[in-house]
Amino acid sequence: MVLQKRTALLTFALSGILCLGGCGRKENEKITSIEQLNNPAYTIGVPEGGAGMYMAEKYLPEAERKTFSGNTSGYLAISQGKLDGFVYDRVMMEFAIASGLENVEILEENLGESMDVAVGISPKSQIENLKDKVNQFLSEARAEGTLDDMYDRWVSRAEGTMPEIQAPQMPDCKLKVGTTGMVQPFSYYEGTTLTGYDVELIYRFGAWLNAEVEIKIYDYDGIIAAAQAGDIDCIMANLNATEERRRHIEFSDCVYPSVTAVMVRSEQKDSTEKKYETLSDFAGARFASLSGGVYDKLLQEVIADAEDFSYYNSVPDIVAALKADRVDAGVLDEPLAQLAAARNEGLKIFEEPVVQDKYGYAFQKGSLLRDQFNELIAKFKEDGTIASLKDKWLGADESIKVLTQQDWPGDKGIIRYYYDGTHEPMTYLGSSGEPLGLEIDLLLLIARELDMKVEMTTCEFASLITALETGKADVVSGSLSITEERAKRVDFADTHYDSAMVLLVRDLDGAVQEKGFWANLGDSFQSTFVVEGRWRLILRGLGVTILISVFSGFFGLCLGFGICMLRRINCKSVQWIGAVFVRVIQGTPIVVFLMILYYGIFGSVDISEILVAVIGFSINFAAYSSEMMRTGIETVDKGQSEAALAMGYTKGQTFFKIVLPQAARNFIPVLKGEFISMVKMTSVVGYIAVQDLTKVSDIIRSRTMEAFFPLIMTAVIYFIVANVMTAALSFAERKVAPKRNKRSLKGVCM
Amino acid sequence: MKITKTQNGNSLYLALEGRLDTNTAPELEASIKGSIDGVEELTINMESLDYLSSAGLRVLLGAQKIMNKQGSMRVTHVNDTIMEIFEVTGFADILTIEKA
Amino acid sequence: MITEKHEARDACAGENMNTSIISIRHLCKEFLNVTPLKDVSVEIKKGEVISIIGPSGTGKSTLLRCINLLETPTKGEIVVDGVVTTDKKCKVNLVRQKMGMVFQSFNLFAHKTIIENIMMGQVDLLKRNRQEAYDKGMELLRNIGLADKAFSYPDELSGGQKQRAAIARTVAMEPEIILFDEPTSALDPTMVGEVLSVIRGLAGQGMTMMIVTHEMKFARDVSTRIFYMDQGEIYEDGTPEQIFEHPKRERTRIFIRQLKVLHVEKISRDFDFPAFMTRLEEFGRKQQFSQRQIYAMQLVVEEVLMQKLLPAAGEAEERDLSLDVEYSERENLAQMRFSYNGPSFYPFGEEEDLSGRMIKGMSKAMEHKFVDGMNHFIISI
């Protein structure tokens, strides 16, 4: 009865606390300008030590400020409504949104003035005149236009490809560079590879300096300390050269100026997002289309006030703009739109087409082929061939998009076919230059029926009709619309594809909301493990965790045993040393201890971080295990050793044969628990630049922008590792101290 | 003292374990009085009884008197020392004693 | 029977008359706030079976523990088999191999089976091979009836079995002398006998032994020599007959007497009867009374004290009531004497009531005296 009452009370108290926590979040009005935030009622997040922090102090002094280390936690806080605004580098925030950060938007105004991003230089670097060398390198690179090109590739166009940079064959020094690996597009992980603007800069500088490059990963907090201590020579991590930082390290000349912006929550889309019912609703909307088309004119004939057009180079760019809410609709040919909708969740084709369109194969005037084609096209429409071709070429599954093989004799002749290779999905070229597309596939099927071979040639769209007229081609295609004008010059077959110009829009009441828990889970799983082969990164991190745990456990145990024995020696001062050691280690938080080792004791020594971690954890484990062993030994009944001594065993024999085995039975279970504790404690080694499982999970989170799933997965992996290790230890325990079923003795016949 | 009571219709069976002395005699008395109604056959097994004093004898006497009106009573598995007590005090004639 | 054994041993002793295997000279042991051994000097010869008796806390165990150096003497010298063990340079562990010790708390090695316990010392210290050690161990276990427990662990055995196994472990080392430190004190009374019989067997085989014990009858039967220890020294040293029958010195006499007498004073209504019943039982067992005698004693206490004397004394405040129980071996009689002041009072009155009949029937004699205002009611069983 008492237990029930207590449980009820506890539940009540907990829910009360949760409610309060939830109620605490104010429902503030929508933020539309930066000035609005300059008010004590609002809380803004700022990066520790970064440019944003200074700008916020200077320009938004009234607001309540919370510091965050790095960006990921800041983004999360904003999207969960814990902050009203987050102040950070504009470029990085835009990339975050493009990567899938939801429910946020960036205010148009910039905050404050731009601040230099520069290379941080360690005052303790072994390389002479490093700062001058960096500056020289930068000015050369700027003069050659390399820096601009890099910025263009990584930031403006978001290409995300690292060019080949030759590493020096015979380096004459070593360059250790620190970076963070968690800020797209400057320094981030694609799969298991570190890439980005700053990373390219690192390799370039390394080559220029003729140095062997070693890259170390730190969080923003740790990276300054690392440079100060001389663990790294320089920092290339989109580092703002703030006043505060200048006190500790030096900076090169400006690499590029960074602009600070403010990210705020955007309202839930479905409440203020306009619901489009008919085409006319699109009046005044923002449109996107491919450059070089004539869509704007056509659209304006149908939709009033369609003037806001942005032009993009490719369909994926339009898709990104739609997702980021920079445009309201993309204007595309229906097949292209189909492809985009199939490949992207959250997008759909607006039901009403803008303009109907028919595609057809074109023939020379009076060609006999035309009637043959018409017959077959009609047949294929009826028997569903064309429908299945549509499924094949307009779906998201790339693997089935292969042309029908020309395996028939083709005695009846050859069809010379010209096509435009840039009209996905109708006619286009694959990654090795092979022809692909619905129209080509259909043509081949027709040719098979006619028993004719097909010779294919690519051709510019503008020249397709000319190719017919000059007799070079028998038939041409390429999403060719059947128009009256064209029909004057060529003969068209009956249309094989009813197309249209359509609007690609965000699917509001569609997939995202419909998705159930399991589907979301599946997506999270995909992005955490599968995309870019991230599971390899996780495996690497896991390997580091296990390595540190096992080695620390082993050495810690040996050292602990040594300390335990030391404290049994009769000399008082020796015992005292042992006791003090244990007290001190037990009283120091493991993070602090690791940092003392890494930045302090081993500060100027070039030593592997993993080795430092192993040393740190070994000492820590030794302190705890020596205490456990001591207690275990003390709990063995004194009578046991008295009996042994009385029999004539020496003190040493008594200890090792009688006392220790019994003590072990007492303390081994406890040690197992302590070991598992240590495995979990290794999650802090990220502070000293070790990429263990937890750090890797952070890196992945900085790409996927998800909070929940990667953390849960990390916890699950730790849980599994801990249990596997416990089972292994129990197994070893049973081997060493077997339980009670000895019915036979070795060396004896009974 | 431990009293194991078994009732079977109108037969009451009590097995005694331990010591029947001044402290424990009231227990036995209460136990008998509580179940004696309608009992025609009362059996007291003394196999595990280590000790018996005058207080115990008085309770046995009381029970015998009641059973004389309702039916019969017997005492079984009596050890030698207790048997001697019964004889010396004359209880051997009052009680029905069975060795087995 | 006993005397025959003593004769046989004396014959052996006669041959080795001059061999003291242990010589103790002016042994003194001081702790911080107590000095259990003040000055002990004695010679122990081969084949002797010495029981050490005396009140608690008088250094009996300490003496034993100094002999095998589990305690370090503060002063004095001990020579074992020609080796001065109190010398700093002495290799103590080697000397200890010649002396076995049996502990009150058995101290079998908990992590090994019984047979392993017995084999360990032989293999590690005497360097026998495992087969030999095993055979010897099994033989010893068979002799004491524990062969079927060879592969059990100590915590699976009863107290008596553990102690017997501990003795076997000691014997396996073939020591020159075995020291027993209160071997039966931690045992349930029902298990004492089995252990004592094992010790008796060893004595019969001529093993030199020193036994600290509270089992007086046993000490008398099995020993060749008794040390009565009191006040930090061997107060009196003699044969069992000398010590138990004709103690020479005052304190010895008091002690011996107390063995045979149970005395309780100032009995009032708060008297703890159950505890006293247990004391009576123990006393009876020590004197090796029969079950019937013990029963009779308890019955007397219940009927006379509880039923008669205490209720009668109820009203008066200061009733000086005491009981003495004394055992006379010669007459094989236990005499229970109740002494109380007040008017002359015969517990069983004139009538022949139930209690009276019981006591009359179970006792050999009853007597009431009234002298100088004190009643004396004596029952002989």
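These numbers were taken from a predicted model, which means no experiment stands behind them. (Residues numbered from 1 in each chain as written. Chains lettered and ligands numbered in written order. Predicted model: local features only at pLDDT ≥ 70, side-chain atom pairs only at ≥ 80, totals over all residues. Heavy atoms only, no water.)

### Let's talk about the confidence of the model for chain A
Residues and elements named next belong to chain A.
Argument step 1. When pLDDT is averaged along chain A, the result is 82, and 92% of the positions lie at 70 or above.
Argument step 2. Confidence, read as mean pLDDT per element, is least for helix α19 (residues 511–514) in chain A (46) and greatest for helix α25 (residues 638–647) (94).
Argument step 3. Every residue in residues 21–26 is under pLDDT 50, and counting partners more than four places away or in other chains gives four contacts. (pLDDT = per-residue confidence, 0-100. Helix = DSSP H or I, 4+ residues; strand = E, 2+ residues; numbered from the N terminus. Contact = heavy atoms within 4.5 Å.)

### Some details on the interface of chain C and chain A
Argument step 1. At the interface, 32 residues of chain C touch 28 residues of chain A.
Argument step 2. For the pairing of chain C and chain A, the buried interface totals around 2,800 Å² over both sides, and the portion due to carbon and sulfur atoms is 56%.
Argument step 3. When residues of chain C are sorted by the area they lose upon contact with chain A, F109, H111 and F151 of chain C head the list and together hold 23% of the total.
Argument step 4. In this structure, the connection of chain C to chain A is made through two salt bridges.
Argument step 5. The partner of E642 of chain A in a salt bridge is R65 of chain C, and the shortest N-O contact between them spans 2.6 Å.
Argument step 6. Scanning the region where chain C abuts chain A turns up nine residue pairs in polar contact (both at pLDDT 80 or more).
Argument step 7. Counting only elements with at least two residues in the side of chain C that touches chain A, the list comes to α3 (92–96), β6 (99–102), α4 (114–124) and α5 (130–143) of chain C.
Argument step 8. The element that contributes the greatest number of residues to the side of chain C that touches chain A is α4 of chain C, accounting for seven residues.
Argument step 9. For the side of chain C that touches chain A, the residue count by class is 15 nonpolar, nine polar and eight charged. (Buried area = accessible area lost by both parts, 1.4 Å probe. Salt bridge = Lys/Arg side-chain N within 4 Å of Asp/Glu carboxyl O. Polar contact = N/O pair within 3.5 Å; in protein donor to acceptor, adjacent residues only side chain to side chain. Nonpolar A, V, L, I, M, F, W, Y, C, P; charged D, E, K, R; others polar.)

### Things to note about a nonpolar patch on the surface
Residue and element names in this part refer to chain A.
Argument step 1. A cluster of nonpolar side chains, I546, L547, V550, F551, F554 and F555, forms an exposed patch at the surface whose accessible area comes to about 540 Å².
Argument step 2. Here F551 is to be found in helix α21 (residues 534–566).
Argument step 3. Residue F551 is classed as partly exposed on the basis of its relative accessible area, which comes to 42%. (Patch = residues over 30% accessible without salt bridge, like charges linked within 9 Å, V, L, I, M, F, W, Y side chains within 5 Å. Areas by Shrake-Rupley, 256 points an atom, 1.4 Å probe, with all protein chains shown as cover. Buried < 20%, exposed > 50% of the residue type's maximum accessible area, 1.4 Å probe, protein only.)

### Quick word on the sheet that holds strand β1 (residues 20–29) of chain C
Residue and element names in this part refer to chain C.
Argument step 1. Within the open sheet, the four strands sit side by side as β2-β1-β4-β5. Their pairing is antiparallel. The open sheet terminates on both sides in strands that have one partner only, identified here as β2 (37–45) and β5 (83–84).
Argument step 2. As defined by bridge partners, strand β4 (residues 75–80) adjoins β5 across two bridges and the pair is classed as antiparallel. For V79, the partnering residue across the bridge sits in β5 and is V84. (Pairing = 2+ DSSP bridges.)

### As for the packing of α21 of chain A against helix α24 (residues 609–634) of chain A
Residues and elements named next belong to chain A.
Argument step 1. Direction vectors running N to C along α21 and α24 enclose 45°, while the axes themselves pass 6 Å from each other. Classed by the angle they form, the pair α21 and α24 counts as oblique. The chirality of how α21 crosses α24 is right-handed.
Argument step 2. Class assignment of the residues belonging to the contact of α21 with α24 gives a composition of 20 nonpolar, seven polar and one charged. (Axes fitted to C-alpha atoms, helices over the stretch in contact; angles between N-to-C directions. Parallel < 35°, antiparallel > 145°, perpendicular 65-115°, else oblique. Left-handed = near helix turned anticlockwise from the far one by under 90°.)

### Topic: the layout of surface pockets
Argument step 1. Reported here for the second largest pocket is a volume of approximately 1,100 Å³.
Argument step 2. R568, S641, L645, K651 and T654 of chain A are, among the 27 residues lining the second largest pocket, the residues nearest its centre.
Argument step 3. Put simply, the parts of the chain that give the lining of the second largest pocket at least two residues each are α24, α25 and α26 (651–681) of chain A together with α3 of chain C.
Argument step 4. Ranked by the residues each element gives to the lining of the second largest pocket, the list is headed by α26 of chain A, at five residues.
Argument step 5. In terms of residue class, the lining of the second largest pocket is made up of nine nonpolar, eight polar and 10 charged. (1 Å grid on protein atoms, 1.4 Å probe; cavity = no way out; pocket = protein on both sides within 12 Å on 5 of 7 lines; lining within 4 Å. Points joined across faces, edges and corners; volume = space filled by probe spheres on them.)

### Some points on empty space enclosed by the protein
Argument step 1. Inspection of every chain in the model, using the stated rule, returns six cavities of 30 Å³ or more.
Argument step 2. If you go around the largest cavity, you meet 15 residues; those closest to its centre are P47, G50, A51, Y88 and N240 of chain A.
Argument step 3. Counted by class, the lining of the largest cavity contains five nonpolar, seven polar and three charged residues.
Argument step 4. When its volume is computed, the second largest cavity comes out at roughly 90 Å³.
Argument step 5. Lining the second largest cavity are A643, A646 and M647 of chain A together with R96, Q97, M99, G100, M101, F103, R169, T170 and M173 of chain C.
Argument step 6. Counting residues per element, the ones that place at least two in the lining of the second largest cavity are α25 of chain A together with β6 and α6 (159–172) of chain C.
Argument step 7. Each residue belonging to the lining of the second largest cavity can be placed in one class, and the counts come to seven nonpolar, three polar and two charged.

### Here we look at the side chain of T43 of chain A
Argument step 1. By the secondary structure assignment, T43 of chain A is in strand β1 (residues 43–47).
Argument step 2. Aside from chain neighbours lying at most four places away, what touches T43 of chain A is E64, K66, L83, D84 and G85 of chain A.

### A word on the interface of chain B and chain C
Argument step 1. In this complex, chain B contributes 19 residues to the contact, which on the side of chain C involves 15 residues.
Argument step 2. With both chains or domains summed, chain B and chain C bury close to 1,500 Å², and 56% of this area falls on carbon and sulfur atoms.
Argument step 3. R292 of chain C is the partner of E84 of chain B in a salt bridge, and the nearest nitrogen-oxygen pair spans 2.5 Å.
Argument step 4. On inspection of chain B and its partner chain C, the count reaches 11 residue pairs in polar contact (both at pLDDT 80 or more).
Argument step 5. Only β3 (41–52), α2 (54–70) and α3 (80–89) of chain B provide two or more residues apiece to the side of chain B that touches chain C.
Argument step 6. The element best represented in the side of chain B that touches chain C is α3 of chain B, accounting for six residues.
Argument step 7. Counted by class, the side of chain B that touches chain C contains eight nonpolar, six polar and five charged residues.

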